[in-house]
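Architecture at a glance
Here is how the chains run, residue by residue.
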Amino acid sequence: AKVEAKTGKSIIEISGIAFHEGMNKNNWSLTRKGTELAVEQMVGADLTLNHPAPSAIGFSRNMDGGIDEAVVGVITEASIEELEEGKWNVRYKAQVHRTELFEALESGLWLRSDYGVSIGGYGVPMQADENGIVFEDDFTFDHLAIVHKPAYERANIETVEKIEPMAASENEEIIENDMISTESFKYQPDSP
């Protein structure tokens, strides 16, 4: 968990692949241009547990205090990783704020191969036919969901990072400098 110096609040940071080139299991994709636009919208977007239900435009959020289909954190970083021959991964970092999820994350449960993340968004496709749905200029990124069996084959949670709280005297000094604790522990899957 990262600890914000001003509040002492614990935060777990997760990172991995959010999505990549090509059609997902739901038979839709983003072009490279659409991917670049989505990445620009990701930082600051919601991290949810499972996909929230669709609403008239976009997605709802669970507001009853439970964690399923609710906001559990926020995306802090997003970037495109270039691979060979026109392939790419969209990498992310996100902070989990809901302490109810800390035990499952730290145990390594969500580092297993059937677990990962999935993107949620909406828009007007540039193509919709028997070959699938393709988004480019008109796609609104809404959330990144922690899920079982992600739609994109390589979508995952690769690391879980925990940064322990600092002693009160150290926190006071850090508050003055407006910095964040750097003492950390990392959890990674056993397999590559």
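Note that the structure is predicted; figures quoted are calculated from it, not measured.

**Quick look at the overall build of the protein chain**
Helices and strands together make up the secondary structure of the protein chain, namely three helices and twelve strands. Taking all 192 residues of the protein chain together, 44% fall into the buried category. Working note: accessible area of the protein chain is about 10,200 Å², and carbon and sulfur atoms make up 48% of it.

**Considerations on the environment of S10**
Turning to its location among the elements, S10 is positioned in strand 2 (residues 10-20). Look at S10 and you get partly exposed, because its relative accessible area is 25%. Remark: the alpha-carbon pair of S10 and Q95, spanning 85 residues in sequence, is separated by 9.8 Å.

**Side note on the sheet that holds strand 3 (residues 28-30)**
In space, the three strands of this open sheet follow the order 3-9-8, with mixed pairing throughout. Single-partner strands in this sheet number two, and they are strand 3 and strand 8 (127-129). Neighbour-to-neighbour, the strand axes of the sheet open up by a mean angle of 10°, direction not taken into account. Examined bridge by bridge, strand 3 and strand 9 (residues 132-135) share three bridges and lie parallel to one another. Bridge pairing links L30 to F135 in strand 9.

**Here we look at the pattern of salt bridges**
In this structure the tally under the stated criterion is nine salt bridges. In this structure, K33 and D137 form a salt bridge, with 2.9 Å as the shortest nitrogen-oxygen distance. With K33 in helix 1 (residues 32-42) and D137 in the loop between strand 9 and strand 10 (139-148), this residue pair connects regions lying 104 residues apart in the sequence. Among the ionic pairs, E158 bridges to R91, the shortest N-O distance being 2.8 Å. Here E158 is found in the loop between strand 10 and strand 11 (159-162), whereas its partner R91 is found in strand 6 (residues 88-96), with 67 residues between them in sequence. Exposure remark for E158: the relative accessible area of 26% places this residue in the partly exposed category. By relative accessible area, R91 is classed as partly exposed at 24%. Where salt bridges share partners, they join R32, E36 and E82 into one cluster.

About the thresholds
Residues numbered from 1 in each chain as written. Predicted model: local features only at pLDDT ≥ 70, side-chain atom pairs only at ≥ 80, totals over all residues. Heavy atoms only, no water. Helix = DSSP H or I, 4+ residues; strand = E, 2+ residues; numbered from the N terminus. Buried < 20%, exposed > 50% of the residue type's maximum accessible area, 1.4 Å probe, protein only. Areas by Shrake-Rupley, 256 points an atom, 1.4 Å probe, with all protein chains shown as cover. Pairing = 2+ DSSP bridges. Axes fitted to C-alpha atoms, helices over the stretch in contact; angles between N-to-C directions. Salt bridge = Lys/Arg side-chain N within 4 Å of Asp/Glu carboxyl O.

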